[in-house]
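One-letter residues, chain by chain:
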Amino acid sequence: MMEDEELEFVEDLEAILHLTPEVQLAIEQVFPSQDPLDRADFNAVEYINTLFPTEQSLANIDEVVNNIRFKIRRLDDNIRTVVRGQTNVGQDGRQALEEAQKAIQQLFGKIKDIKDKAEKSEQMVKEITRDIKQLDHAKRHLTTSITTLNHLHMLAGGVDSLEAMTRKRQYGEVANLLQGVVNVLEHFQKYMGIPQIRQLSERVKAAQSELGTQILADFEETFPAQGSKVAWLDKIDRRYAWIKRQLVDYEEKYGRMFPEEWCMTERIAVEFCHITRTELAKLMRARAREIEVKLLLFAIQRTTNFEGLLAKRFSGCTLNNGPGVRPLLFCCSQPKKPKAPDNPFHGIVSKCFEPHLYVYIESQDKNLGELIDRFVADFRAQGPPKSGTDEGGAVLPSCADLFVYYKKCMVQCSQLSTGEPMIALTTIFQKYLREYAWKILSGNLPKTSTSSGGLTISSLLKEKEGSEVTKFTMEELCLICSILSTAEYCLATTQQLEEKLKEKGYLKQYPALGSGPGCCM
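Residues numbered from 1 in each chain as written. Predicted model: local features only at pLDDT ≥ 70, side-chain atom pairs only at ≥ 80, totals over all residues. Heavy atoms only, no water.

Glancing now at the overall build of the protein. Of the regular secondary structure elements, the protein holds 17 helices and 0 strands. In the protein, buried positions account for 30% of the 521 residues. The long-range fraction of contacts in the protein, counting pairs at least 24 apart against all pairs at least 6 apart in sequence, stands at 76%. For the protein, the computed accessible surface area is about 35100 Å², with 55% contributed by carbon and sulfur atoms. (Helix = DSSP H or I, 4+ residues; strand = E, 2+ residues; numbered from the N terminus. Buried < 20%, exposed > 50% of the residue type's maximum accessible area, 1.4 Å probe, protein only. Contact = heavy atoms within 4.5 Å. Areas by Shrake-Rupley, 256 points an atom, 1.4 Å probe, with all protein chains shown as cover.)

Written out as structure tokens, the structure is:
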């Protein structure tokens, strides 16, 4: 009966102490132990068999039982201590919770105080920042006011000094002062609504105008204009010699008076060129009947030489202002150099000769007519080329002379003008090239009995058969070969001339030249 009760107690105890594998594993990790009694799969029979493996080991059973009882008492003491200790845990926990709540309330209070202080500090910083910004604005406005007052003082004093120096004609001092006054005046552009500022600006403009008029009057008085307006074409050298002397005198006496970037010497030279061109045009219109070819060519040559001299001496930066423009005395910026021709001064004076180049064209017309008449007379006097000599079948010398003369005229005309005179010269050469073809070439072909109208170059080039073939003497054959060679030379040379005209751009500018000298052949 006792055994059954013990067995039942063990089973109940095992049921109560049965733990899940996860809990058992956690206990083993927290409280590791090698004691078999602490194992989850403890078996009492195996444990007793381990203690008493043999009958002889039963002799120590009392000692073993005492050890087990000692362990039991120690476990009971430990359990009793733990149970007694847990009786005060609830009370200690409530006390700790209350203390924690009080600590949290105190912490919230401190946080609230810190937040309030932070908001007050932020407000104080905003106020300080606002004050600093106001001080910065006040400092900036004060600095601007002081600077403006200084500029105003400089402007007022500068205007007074400018007017006084203008009256005294102190141009060297005025040059630097004027630029400074203009620069200071730029700072007051947004204050032009103020009457006093506007009055100072008007005084500066009036001083500029008065100064410009006064300087121009002084220059006109210093440099008399008669030397640039009086003299016929035969005295044109004196014009250019005069301006050279005047420019040298100006640079020695007044060159340092104006800034270099104003290019005053060039402006004076350009103004002289405009005046000279205008006056020469008036003179030549009034005395057109007195203009001779040699005199015209002389004047053009001297003028183009002077224009070349200007191109070597000056850059041409003032030519953008156009004819008759006055010097820009108050513009200190350097004008840009023109990109166009190699000689920017080409035609600045010589352009006035173009309306009178008809004198040159008429002269060439007359010279070419006389040249053709001389060729005809020489051909008749010398007779046709002789057979058996080097002259037989060769190009007539007169043809080469004609083209050499025309090329010389073309070069000369291109230096004078590339406009209407070039067209007129080409038209004249066409006319005399046709005359040469009729009077020298076609007019001297042998006469035949079969053709009432005589031979022509085109009829010679046609093939004939049988009785149509005309028989010529050796001298006639030499003459025909020479005429045909000359005609071929004329054709090839005129075609080369047309190609040259195309290269120079004359045919694009003047399409009438497309039917140039070669059309007569």
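Turning to the environment of Ser201, a few remarks are in order. Within the secondary structure, Ser201 is located in helix H7 (residues 195–222). Note: C-alpha distance between Ser201 and Val182 (19 residues apart in sequence) is 9.1 Å. Excluding anything up to four places from it in sequence, Ser201 contacts Leu185 and Met192.

Across all of its chains, the model carries 9 aromatic pairs by this definition. Pairing Tyr240 with Phe306 gives two aromatic rings, centres 4.4 Å apart and planes at 15°, and the pair type is stacked. Of this pair, Tyr240 sits in helix H9 (residues 236–254) while Phe306 sits in helix H11 (residues 293–313); the two residues are 66 residues apart in sequence, bridging distant segments of the chain. For Tyr240, a relative accessible area of 3% puts it in the buried group. With relative accessibility at 5%, the residue Phe306 sits in the buried group. Ring centres of Phe375 and Tyr436 lie 6.2 Å apart, and the angle between their planes is 85°; on these two criteria the pair is classed as edge-to-face. One end of the pair, Phe375, is in helix H12 (residues 358–382); the other, Tyr436, is in helix H14 (residues 420–441), with 61 residues separating them in the sequence. (Phe/Tyr/Trp six-rings, centres within 6.5 Å; stacked < 30°, edge-to-face > 60°.)

With that settled, consider the environment of Val270. Within the secondary structure layout, Val270 lies in helix H10 (residues 264–286). For Val270, a relative accessible area of 5% gives the class buried. The sequence separation of Val270 and Gly316 amounts to 46 residues, and the corresponding C-alpha distance is 8.8 Å. Setting aside chain neighbours within four positions, we find Val270 in contact with Thr318, Leu319, Phe345 and Ile348.

Ranked by size, the top nonpolar core spans 43 residues in total, and within it Leu233, Leu280, Met284 and Phe353 carry the most contacts. Listing elements by their share of this core, those giving two or more residues are helix H5 (89–168), helix H6 (171–186), H7, H9, H10 and H11. No other element matches the 9 residues that H10 contributes to this core. Leaving out residues up to four positions away in the same chain, Met284 has contacts with Trp232, Leu233, Ile291, Cys352, Phe353 and His356. Judged by nonpolar contacts, the second largest core, of 34 residues, contains Leu396, Phe429, Tyr432 and Ile440. (Core = buried A, V, L, I, M, F, W, Y, C linked by side-chain atoms within 4.5 Å.)

Summarising the element assignment, Met264 is placed in helix H10. For the pair Met264 and Tyr250, spaced 14 residues apart in sequence, the C-alpha separation works out to 9.5 Å.

Attention now moves to a nonpolar patch on the surface. Nonpolar side chains collect at one region of the surface, where Leu19, Val23, Ile27, Val30 and Phe31 lie side by side and expose about 450 Å² of accessible area between them. In this structure, Ile27 sits in helix H2 (residues 21–30). (Patch = residues over 30% accessible without salt bridge, like charges linked within 9 Å, V, L, I, M, F, W, Y side chains within 5 Å. Salt bridge = Lys/Arg side-chain N within 4 Å of Asp/Glu carboxyl O.)

Here Glu266 shows up in helix H10. For Glu266, which is buried and forms no salt bridge, the nearest opposite charge comes from Arg313, at a distance of 7.1 Å. Within the structure, the side chain of Glu266 is placed 3.1 Å from the backbone nitrogen of Gly316, a separation counted as a polar contact. Setting aside chain neighbours within four positions, we find Glu266 in contact with Phe314, Ser315, Gly316, Cys317, Thr318 and Phe345. (Lys, Arg positive; Asp, Glu negative; His and termini not counted. Polar contact = N/O pair within 3.5 Å; in protein donor to acceptor, adjacent residues only side chain to side chain.)

It is worth spelling out unusual backbone geometry at this point. Trans is the prevailing form of peptide bonds, just as negative phi is the prevailing case for residues other than glycine. Of note, Arg169 is a non-glycine position whose phi angle comes to about 60°, a positive value. The phi angle at Cys263 is positive, at roughly 55°, despite the residue not being glycine. Mapped onto the elements, Cys263 comes out in the loop between H9 and H10.

One pass over the structure, following the stated rule, counts 13 salt bridges. Glu122 is paired through a salt bridge with Lys126; the nearest N and O atoms lie 3.9 Å apart. Of the two residues, Glu122 and Lys126 are both situated in helix H5; the distance of 4 residues between them amounts to about one turn of the helix. On the basis of relative accessibility, which here comes to 47%, the residue Lys126 falls in the partly exposed class. The shortest N-O distance in the salt bridge between Asp160 and Arg203 comes to 2.7 Å. Taken together, the residues span a long stretch of sequence, with Asp160 in helix H5 and Arg203 in helix H7 at a distance of 43 residues. For Asp160, a relative accessible area of 40% gives the class partly exposed. A relative accessible area of 25% places Arg203 in the partly exposed class. Salt bridges sharing partners connect three or more residues here, namely Asp160, Glu163 and Arg203.

Glancing now at the packing of H9 against H10. Running from amino to carboxyl end, H9 crosses H10 at an angle of 160°, the nearest separation of the two axes being 11 Å. Put simply, H9 runs roughly antiparallel to H10. Seen from above, H9 lies across H10 with right-handed handedness. Between H9 and H10, the contacting residues are Ile236, Arg239, Tyr240, Trp242, Ile243, Leu247, Tyr250 and Glu251 on the first element and Met264, Thr265, Ile268, Ala269, Phe272, Thr276, Leu280 and Leu283 on the second. Within the contact of H9 with H10, the residues separate by chemical class into 12 nonpolar, 2 polar and 2 charged. (Axes fitted to C-alpha atoms, helices over the stretch in contact; angles between N-to-C directions. Parallel < 35°, antiparallel > 145°, perpendicular 65-115°, else oblique. Left-handed = near helix turned anticlockwise from the far one by under 90°. Nonpolar A, V, L, I, M, F, W, Y, C, P; charged D, E, K, R; others polar.)

Turning our attention to the confidence of the model for the protein. Here the protein averages 78 in pLDDT, while 79% of its residues score no lower than 70. Within the protein, the lowest mean pLDDT, 49, falls on helix H8 (residues 226–229), and the highest, 91, falls on H10. Within the model, the stretch residues 512–521 combines pLDDT values under 50 with 30 contacts to residues more than four positions away or in other chains. (pLDDT = per-residue confidence, 0-100.)

The contact between H14 and helix H16 (residues 474–504) brings their axes to 11 Å, and the two run at 170°. Here H14 lies roughly antiparallel to H16, going by the angle between them. Between H14 and H16, the residues in contact are Leu433, Tyr436 and Leu441 and Ile483, Thr486, Ala487, Cys490 and Thr494, respectively. Considering only residue class, the contact of H14 with H16 consists of 6 nonpolar, 2 polar and no charged.

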